[in-house]
Amino acid sequence: MRDFFLPFSAPTIGEEEIAEVVDTLRSGWLTTGPKVRRFEEQFAAYLGCRHAVAVNSCTAALHLALEAVGVCSGDEVITTPMTFAATGEVIHYLGARPVFVDIDPVTMNMDVALLDEAIQRCSRPKVILPVHMAGLACDMDAIMSLAETYGLRVIEDAAHTFPTLYNGRMIGTIGHVTCFSFYSTKTITTGEGGMAATDDDALAGRMRVMSLHGISKNAWTRYTASGSWYYEILAPGFKYNMTDLAASLGIAQLRKADEFHRRRQAIARRYTAAFARLPEFIETPADPPSGGVHSWHLYIIKLRLDRLTIDRDTFIEELRSAKIGTSVHFIPLHIHPYYREAWGYRPEDFPRAYATYRRVISLPLYPAMTDADVDSVIDEVVSICRKHGR
Ligand SMILES: *Cc1c(COP(=O)(O)O)cnc(C)c1O
């Protein structure tokens, strides 16, 4: 048994991040300024997209993206129930209706085979909002082609997806807007932060203006010698701008993103190789099809509950007793009280999301884990399966 608790997640912060933040503190410019500009440029260059708009969360990016494409009260946004609170609440912010499409139980992504029919059942469909679960890309060719057929916009929740490839293309260069998260558990972090990536000049401009009070110029250009005091409010915007302090972390993390990603891939491979020896108890996460690269933000195992005498919650308790932290991604949106009460959803409406939820466990996966940490997780999972197998 381990002698200290292994947390489910931990950021990897080194001297480079500290130095970059200190540099910002000494510069005297704390809020949106040169570091944010640099982080946006470097992030856009990494993805290969035209614009990256830095904001203070992925939730903010999703809200700005839906606003920018013109989602209005009464419109419908088609998404997956297998996601975090943020994906659904931004739909509510604009008075639109969340329409869920059940998942493919293997990939845990929106099942595109059900998408066409779901769109046809809508009266005012506006946006498809796919979530690339755990860092495995959705079937973007199918989604983009349906969006074109029905004249819809595609806004991707790419909170798990840095970096992810779909069919050789970087996630962040496919949909109309792609929203990334730099929350502290994500693959790179700014503490709190997000980015909206797009190739569309008009959408980028609208999101930039709305991210800072709907004002036509940002504070940096206003207060430097070349700027002026004059500004115009073009629309009632939001206060979603990223700070230079956060961007400093992002700049340092971005430099390490490939190294982080290699380590995540190695840990995922180690898990999959070990659990492949227990196919009767554990289903390992799907690998991407050819041309795809998984970000491995999360490593989600699915228990074969019919072969175990314990349920998922007890499995998690046993791991906790063995000093291993885990999580569950996600409690599907449609079973939460808000969605049941406001929209009348019932658990059986999306049976695959509900059944999958009851058998998933997310194991620790982050660059700071040692091989010994990974092996201790494997040993405990194996021993719990053997102890409670039938
Ligand atoms: C983390 C997460 C978000 C929200 O990200 P924030 O940056 O915390 O707003 C959105 N969607 C999914 C799927 C997430 O996991």
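The residue numbers shown here count from 1 along each chain, following its written sequence. Side-chain atom pairs in this predicted model are given and counted only at pLDDT of 80 or more, local residue features only at pLDDT of at least 70, and totals for whole chains, interfaces and linings cover all residues. Side-chain numbers come from the whole structure's heavy atoms, not from hydrogens or water.

Colleague: Describe the overall build of the protein chain, listing the residues and the values that go with them.
Modeller: A count of helical and extended segments in the protein chain gives 14 helices and 12 strands. Our radius of gyration looks at C-alpha atoms and nothing else; its globule reference is 2.2 Å times the residue count to the power 0.38. Taking 2.2 N^0.38 as the reference for a compact globule, 390 residues should give roughly 21 Å; the C-alpha atoms of the protein chain span a radius of gyration of 21 Å, in line with that estimate. Contacts spanning at least 24 positions in sequence make up 74% of the contacts within the protein chain whose residues lie at least 6 apart. Throughout, the Shrake-Rupley method with a 1.4 Å probe supplies accessible areas, and for residues the shown protein chains are the sole cover considered. Looking at the protein chain as shown, the accessible area adds up to about 16200 Å², and 53% of this sits on carbon and sulfur atoms. Secondary structure is summarised from DSSP: a helix means a run of H or I of at least four residues, a strand means a run of E of at least two, and numbering begins at the N terminus for each. Two residues qualify as a contact provided that any one of their heavy atoms is within 4.5 Å of a heavy atom in the partner residue.

Colleague: Describe in detail the site of the ligand, supporting the description with residues and values.
Modeller: In the region of the ligand, 16 residues are neighbours, and Thr59, Asp157, His160, Ser181 and Lys186 sit closest. In protein, a polar contact means a hydrogen-donor-capable atom and an acceptor-capable atom, both N or O and within 3.5 Å, with residues adjacent in sequence counting only if both atoms are side-chain atoms; elsewhere, any N or O pair within 3.5 Å suffices. In the environment of the ligand, an oxygen atom lies 2.8 Å from a nitrogen or oxygen atom belonging to the backbone of Cys58. Thr59 has a polar side-chain atom sitting 2.5 Å from an oxygen atom of the ligand. Contact with the protein chains covers 93% of the free accessible surface of the ligand, which is 390 Å². Site definitions follow a grid-based scheme: protein atoms alone, a 1 Å grid, a 1.4 Å probe that fits but cannot get out for cavities, and for pockets an open set with protein on both sides within 12 Å along at least five of seven lines, plus lining residues having an atom within 4 Å of a point. Occupancy of a cavity or pocket is assigned to a molecule whenever over half of its atoms lie within 2 Å of that pocket's grid points. A majority-of-atoms criterion places the ligand in the largest pocket. Where the shell around the ligand is concerned, the elements lending two or more residues are α3 (58-68) and α4 (85-93). Class assignment of the residues belonging to the shell around the ligand gives a composition of seven nonpolar, seven polar and two charged. By convention in this text, a residue qualifies as near a molecule or strand provided that one of its non-hydrogen atoms is within 4 Å of it. All residues other than Ala, Val, Leu, Ile, Met, Phe, Trp, Tyr, Cys, Pro, Asp, Glu, Lys and Arg, Gly among them, are scored as polar; the first ten of these are nonpolar and the last four charged.

Colleague: Give me the lowdown on the nonpolar core, citing residues and values where you can.
Modeller: With 43 residues, the main nonpolar core has Phe39, Phe43, Leu115, Ile128 and Phe180 as its most contacted residues. Elements that contribute at least two residues to this core include exactly α2 (34-47), β1 (51-55), α5 (115-121), α6 (140-150), β9 (194-198), α9 (244-255) and α10 (257-275). No other element matches α2, which puts five residues into this core. Those residues in contact with Phe180, other than ones at most four positions away along the chain, are Phe43, Leu47, Cys58, Ala158, Thr161, Phe162, Ile171, Gly172, Gly193, Gly194, Met195 and Ala197. In this text, buried Ala, Val, Leu, Ile, Met, Phe, Trp, Tyr and Cys residues form a nonpolar core when linked through side-chain atoms within 4.5 Å. The buried label applies to any residue whose accessible area, calculated with a 1.4 Å probe on protein chains only, is under 20% of its type's maximum; exposed applies above 50%, and partly exposed to all values in between.

Colleague: Residues and numbers for the side chain of Ser295, please.
Modeller: Topologically, Ser295 is positioned in the loop between β10 (282-283) and β11 (299-303). Here the side chain of Ser295 touches His160 through a polar contact of 2.6 Å, landing on its backbone oxygen. At a separation of 3.2 Å, a polar atom in the side chain of Ser295 contacts the main-chain amide nitrogen of His297. Once residues within four sequence positions are removed from consideration, Ser295 is found in contact with Ala134, Gly135, His160, Thr161, Phe162, Pro163, Thr164, Thr187, His261 and Arg264.

Colleague: So, the layout of surface pockets: which residues are in play, and what are the values?
Modeller: Gaps between atoms show up when a probe of the same size as a water molecule is rolled over them. Grid points are joined across faces, edges and corners, and a volume is the space filled by probe spheres set on the points. In this model, the largest pocket occupies a volume close to 580 Å³. Around the largest pocket, the lining comprises 30 residues; the ones closest to its centre are Phe84, Ala85, Tyr183, Lys186 and Phe330. Listed by contribution, the elements that provide at least two residues to the lining of the largest pocket are α3 and α4. Among the residues forming the lining of the largest pocket, the class breakdown is 15 nonpolar, 11 polar and four charged. Here the limits of each domain have been adopted from an automatic or database domain assignment. Two domains each put at least three residues into the lining of the largest pocket: domain 1 (15-256) and domain 2 (258-388).

Colleague: Which residues make up unusual backbone geometry, and what are the values?
Modeller: The amide bond that connects Phe162 to the next residue, Pro163, takes the cis arrangement and shows omega of -5 degrees. By secondary structure assignment, the location of Pro163 is in the loop between β5 (153-157) and β6 (165-166). Between His329 and the following residue, Phe330, the backbone shows a cis peptide bond with an omega angle of 0 degrees. Residue placement: Phe330 occurs in the loop between α11 (312-321) and α12 (337-343). Even without glycine at this site, Met108 takes up a positive phi of about 70 degrees. Mapping Met108 onto the fold places it in the loop between β3 (97-100) and α5. On the basis of relative accessible area, Met108 is assigned to the buried category, the value being 5%. Unlike most non-glycine residues, Lys323 shows phi in positive territory, near 65 degrees. Here Lys323 shows up in the loop between α11 and α12.

Colleague: Summarise the domain arrangement of the protein chain; cite the residues concerned and give the values.
Modeller: Taken as a whole, the protein chain is organised into domain 1 (15-256) and domain 2 (258-388). Residue-level contacts link 43 residues of domain 1 with 37 residues of domain 2. Reported buried area values correspond to the accessible surface (1.4 Å probe) lost by two parts on association, with both partners' losses combined. Of the roughly 3200 Å² buried where domain 1 meets domain 2, counting both sides, 63% is carbon and sulfur surface. Any Lys or Arg side-chain nitrogen found within 4 Å of a carboxyl oxygen on Asp or Glu counts as a salt bridge. For the pair domain 1 and domain 2, the interface holds one salt bridge. Across the pair Arg352 and Asp111 runs a salt bridge, and its minimum N-O distance is 2.8 Å.

Colleague: Break down the sheet that holds strand β12 (residues 360-363) for me, citing the residues and quoting the values.
Modeller: The strands making up a sheet are joined through hydrogen bonds of the backbone, oriented either antiparallel or parallel. Should DSSP find at least two bridges between two strands, the strands are regarded as paired. What the three strands build is an open sheet, ordered β10-β11-β12; its pairing is antiparallel. The sheet terminates laterally at β10 and β12, the two strands that pair on one side only. Angles here are taken between N-to-C directions and fall from 0 to 180 degrees, while the axes themselves are lines fitted to C-alpha atoms, restricted in helices to the stretch in contact. On top of the sheet, α10 reaches β10, β11 and β12; it is set at about 15 degrees to β11, its chief contact. In the packing of α11 onto the sheet, the strands contacted are β11 and β12, and the crossing angle to β12 comes to about 25 degrees.

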